[in-house]
Amino acid sequence: MSLYREIFAPLHCLRCDQVSEFDVQFRTTHGDHMQHYYHGHPPQDDLAARPAEIYSGFTDLYCPACFEDWQAAKIAAFFQTLAAYTDQGVLVIRPQDQRAPLTPDELLQTAQWVDAERRKYPGPAEWGWRWLLEIGYVAWQGQVIFQADDTDGTSKNIEAQAELHEYLEAMTDSELKRAGWVGGINPFDNALQVVRSVDGLLYVDSARLAAQP
Ligand SMILES: [Zn+2]
C-alpha cells in the first residue's frame with residue numbers, strides 16, 4: 001500500500017477563482033503515512049532533518065462547490081456526446097424493455113435523471129458509462145457491443161467497448177474544456193510541487209497560490 005503525506009495550502013479554485021484550503025498530497029521516498037503539514041510552516045517530524053527537497057504533488061483543480069458542478073457538467077457532456085453520435089447514426093442505444101432506440105432528445109433528458117441519481121449516491125463514479133453498461137443494447141458503428149442477454153464476452157466486443165469508451169472520453173473531455181473546465185474529464189491538478197526550502201519551511205509551489213499576506 002502506498003500512502004502520501006498531505007499539506008494544506010490556500011489555492012485558487014480554477015473554476016470560480018475563490019481561495020480555499022486545498023489538501024495537496026505528495027509522496028516522499030521515506031515513511032509516508034499521511035502526515036499533515038501547513039503551507040509555509042516548518043515540518044515537525046522526520047522531514048525537518050532532511051535537506052532541501054522537491055516533491056511532486058497533486059490536488060483538486062476545483063473547490064468542493066465547483067467539483068459538484070463539474071460532476072454534473074461531466075454527465076451532461078457525456079450524454080450530449082451520446083446524443084450527437086446517435087444523431088449521426090453511428091450509435092444505437094436501446095433499453096432492454098423497449099423496441100425503439102433512444103432518440104437524441106431522450107438521451108439528453110436521461111442526463112438529468114442520471115445526475116439526480118448521482119446526487120443521491122455521492123462519490124466519484126463514471127456515472128454515464130455505468131448507465132450505458134446497464135442499458136441493455138448498444139451498437140457502435142454497426143457492431144453490437146452490449147446486449148443484456150448476451151453472455152459471450154468475445155474479445156471483439158471488448159475491443160469495440162474499449163474503442164467506444166475512448167471516443168466518449170475524448171468527446172466528453174473536449175466538451176468540458178469548451179465549457180471552461182480547464183482539466184476536461186480530469187479534476188486533478190498534477191502540476192504542483194511541494195518544496196522543502198533552505199529556510200526549513202515546507203511550501204507548495206503553484207501558480208494557484210493565494211497571495212501571501
Ligand atoms: Zn470553485
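No experiment lies behind these values; they were computed from the predicted model shown.

Thresholds, definitions, all that
- Residues numbered from 1 in each chain as written.
- Predicted model: local features only at pLDDT ≥ 70, side-chain atom pairs only at ≥ 80, totals over all residues.
- Pairing = 2+ DSSP bridges.
- Helix = DSSP H or I, 4+ residues; strand = E, 2+ residues; numbered from the N terminus.
- Axes fitted to C-alpha atoms, helices over the stretch in contact; angles between N-to-C directions.
- Buried ≥ 20, exposed ≤ 12 C-beta atoms within 10 Å, placed from the backbone.
- Contact = placed C-beta atoms within 7 Å.
- pLDDT = per-residue confidence, 0-100.
- Expected span 1.5 Å × (residues − 1).
- Arc of directions from axis to C-beta.

1. Things to note about the pairing of strand S4 (residues 53-60)
And step 1. Pairing analysis gives 2 bridges linking strand S2 (residues 19-26) to S4, with the strands arranged antiparallel. Residue pairing in the sheet places Phe26 in a bridge with Gly57 of S4.
And step 2. Where S4 meets strand S8 (residues 188-196), 7 bridges bridge the pair, whose relative direction is antiparallel. Residue pairing for S8: Glu53 is matched across the bridge by Arg196.

2. Brief notes about the sheet that holds S8
Within a sheet, neighbouring strands are paired by backbone hydrogen bonds and run either parallel or antiparallel to one another.
And step 1. Ordered by their spatial adjacency, 6 strands build an open sheet running S3-S1-S2-S4-S8-S9, and the pairing between neighbours is mixed. Each edge of the open sheet is held by one strand with a lone partner, namely strand S3 (36-38) and strand S9 (202-205). Strand-to-strand, the axes of this sheet are offset by a mean angle of 35°, without reference to chain direction.
And step 2. Sheet topology note: the strand S1 (residues 5-12)/S3 ladder contains 3 bridges and is parallel. Bridge pairing in S3 places Phe8 opposite Tyr38.

3. Thoughts on the environment of Phe26
And step 1. In this structure, Phe26 sits in strand S2.
And step 2. Take Phe26: there are 22 C-beta atoms within 10 Å of it, and that puts it in the buried class.
And step 3. The spatial distance from the C-alpha of Phe26 to the C-alpha of Leu201 is 16 Å, given a sequence separation of 175 residues.
And step 4. Leaving out residues up to four positions away in the same chain, Phe26 has contacts with Tyr4, Arg5, Ile7, Tyr55, Ser56, Gly57 and Val194.

4. Quick look at the confidence of the model for the chain
And step 1. A residue-level look at the chain finds 94% of positions with pLDDT of 70 or above and a mean pLDDT of 91.
And step 2. Within the chain, S1 carries the highest mean pLDDT (97), whereas strand S7 (residues 143-147) carries the lowest (84).

5. A few points about helix H2 (residues 104-120)
And step 1. Look at H2: 25 Å from first C-alpha to last across 17 residues, which is about the 24 Å you get at 1.5 Å a residue.
And step 2. For H2, the complete set of buried residues consists of Leu107, Thr110 and Ala111. Mapping the buried residues of H2 onto a view down its axis gives an arc of 120°, with all of them on the same face. H2 presents Asp105, Trp113, Ala116, Arg119 and Lys120 as exposed residues on the side facing more than 90 degrees away from its buried surface.
And step 3. The elements touched by buried residues of H2 are helix H1 (64-88).

6. Notes on unusual backbone geometry
And step 1. Of note, Asp17 is a non-glycine position whose phi angle comes to about 75°, a positive value.
And step 2. Mapped onto the secondary structure, Asp17 falls in the loop between S1 and S2.
And step 3. Classification of Asp17 by C-beta neighbours within 10 Å gives exposed; the count is 10.
And step 4. Despite not being glycine, Met34 has its phi angle at roughly 65°, a positive value.

7. What to know about the environment of Leu82
And step 1. Position of Leu82 relative to the elements: it lies in helix H1.
And step 2. Residues Leu82 and Val92, spaced 10 residues apart in sequence, show a C-alpha to C-alpha distance of 9.1 Å.
And step 3. Discounting residues that sit within four places of it in the chain, Leu82 has contacts with Leu91, Ile93 and Leu107.

8. A closer look at the sheet that holds strand S5 (residues 91-95)
And step 1. Taken in spatial order, the 3 strands of this open sheet run S5-S6-S7, and their pairing is antiparallel. The open sheet terminates on both sides in strands that have one partner only, identified here as S5 and S7. Across the sheet, the mean angle separating the axes of adjacent strands is 15° when strand polarity is ignored.
And step 2. Sheet topology places strand S6 (residues 136-140) next to S7; 4 bridges connect them, and they run antiparallel. Residue pairing for S7: Ala139 is matched across the bridge by Val144.

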